[in-house]
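# Architecture at a glance
So the chains spell out like this:
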Amino acid sequence: MKKKIALWAALTAVALLVTGCASEDPAAAPAPRTPAAGEATSSAGDPAGDSAGDSAGDPAGDSVGDKAPGAAAPAAYRKWGLKPFAPPPAPPATKPVVRRPGGPVPVISDIPTTEKIVFITIDDGAEKDPEFVTMMKDLKVPVTMFLTDAAIRADYAYFAPLVAQGHGLANHTLTHPNLRTLSREAQRREICGQQTKLTQRYGTAPRLFRPPYGNWNEDTRAAAGTCGVDAIVLWRESMQIKNMQYQRGDRKLRPGDIILAHFRGPSELKGRTMTEMTATMLRRIQEQGFTVARLEDYV
Ligand SMILES: [Zn+2]
């Protein structure tokens, strides 16, 4: 057990030295703004914001929305200090992102849509907070989990209830390497190896893959294609501790954006918990008038 945790710690320490890793690390990432300023801005823009809107909220709120797919009862949101999300629109009849038979694996950072929806993805799997499982059960907000064997091999069981709740299961390699430094065959072992492990452990084969640090090349695409991957999924925003890091200068969510977060705990979140980080991320999405949809319905 100790050995395995040490292995993941060593891998993430190495990861800090690799290009692209800054965006996966809250300490190393440039803060979009100071937390204090961020908090002030968000509460100014949304008077009901962090106070959960219990008095200012929609009086009819309790009677609607709780039967919609992907939507929880308003009381469940209040329990976590949140306002209810608008239910996501019905999934499209035809998926906007598909891999043609025998064609190259698509590489995406967002989904083409005009709906005010975004997609939440959570990487690695190092932090295994039982409260997060409860939170996801309460809120029914769909997420896609990109899991790395090195981060979860001591406790695959933690993620089983999340998979059972219907959250997406996706591949993030066996050992979290920078794939650009590996041959096509070595990349294939990393990707196919984790496809096999996840399929054996959870009884469902992942269709989506994310390269560690977002680093990939044409060998990655070719390798992923032979492992049964339907799409390589990158991201547009990266959730830090209190705010999102945006790739675009206007620092705004756009329809179809894919958001990256990580399974992280207090030691990486300056004392905050995984559920606090998640609640903050959901507020940032709500503040901009977006709701969360299921990535697997679009890819
Ligand atoms: Zn990662």
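Residues numbered from 1 in each chain as written. Predicted model: local features only at pLDDT ≥ 70, side-chain atom pairs only at ≥ 80, totals over all residues.

This next bit is on the confidence of the model for the chain. When pLDDT is averaged across the chain, the result is 83; 77% of the residues are at 70 or more. In the model, residues 15-69 has pLDDT below 50 throughout and makes 71 contacts with residues more than four positions away in sequence or in other chains. (pLDDT = per-residue confidence, 0-100. Contact = placed C-beta atoms within 7 Å.)

Turning next to the packing of helix α4 (residues 130-139) against helix α9 (residues 274-287). Between α4 and α9, the least distance of the axes is 8 Å, while the angle of their chain directions is 35°. In this structure, α4 contributes Glu131, Phe132 and Met135 to the contact, and α9 contributes Met274, Thr275 and Thr278. Split by residue class, the contact of α4 with α9 holds three nonpolar, two polar and one charged. (Axes fitted to C-alpha atoms, helices over the stretch in contact; angles between N-to-C directions. Helix = DSSP H or I, 4+ residues; strand = E, 2+ residues; numbered from the N terminus. Nonpolar A, V, L, I, M, F, W, Y, C, P; charged D, E, K, R; others polar.)

End to end, α9 covers 20 Å across 14 residues, agreeing with the expected 20 Å (1.5 Å per residue, within 8%). For α9, a buried count of 11 out of 14 residues is recorded, marking the element as mostly surrounded by other parts of the structure. Every buried residue of α9 is listed here: Met274, Met277, Thr278, Ala279, Thr280, Met281, Leu282, Arg283, Arg284, Ile285 and Gln286. Among the structural elements, β2 (117-124), α4, β7 (237-239), β8 (244-246), β9 (258-262) and β10 (291-292) are those in contact with the buried residues of α9. In the segment just after α9, Gly289 is the residue with positive phi, at about 80°. (Expected span 1.5 Å × (residues − 1). Buried ≥ 20, exposed ≤ 12 C-beta atoms within 10 Å, placed from the backbone.)

Mapping Arg254 onto the fold places it in the loop between β8 and β9. You can call Arg254 partly exposed: it has 16 C-beta atoms within 10 Å. Sequence separation between Arg254 and Lys116 is 138 residues, and the spatial gap between their C-alpha atoms is 7.4 Å.

Right, let's get into the pairing of β9. With five of five residues buried, β9 is to be regarded as a mostly interior element. Covered by surrounding structure in β9 are Ile258, Leu260 and His262 together with Ile259 and Ala261, the residues of both alternating faces. Direction of pairing for β2 relative to β9: parallel, over a ladder of five bridges. Considered in β9, the bridge of Phe119 is made with Ile258. (Pairing = 2+ DSSP bridges.)

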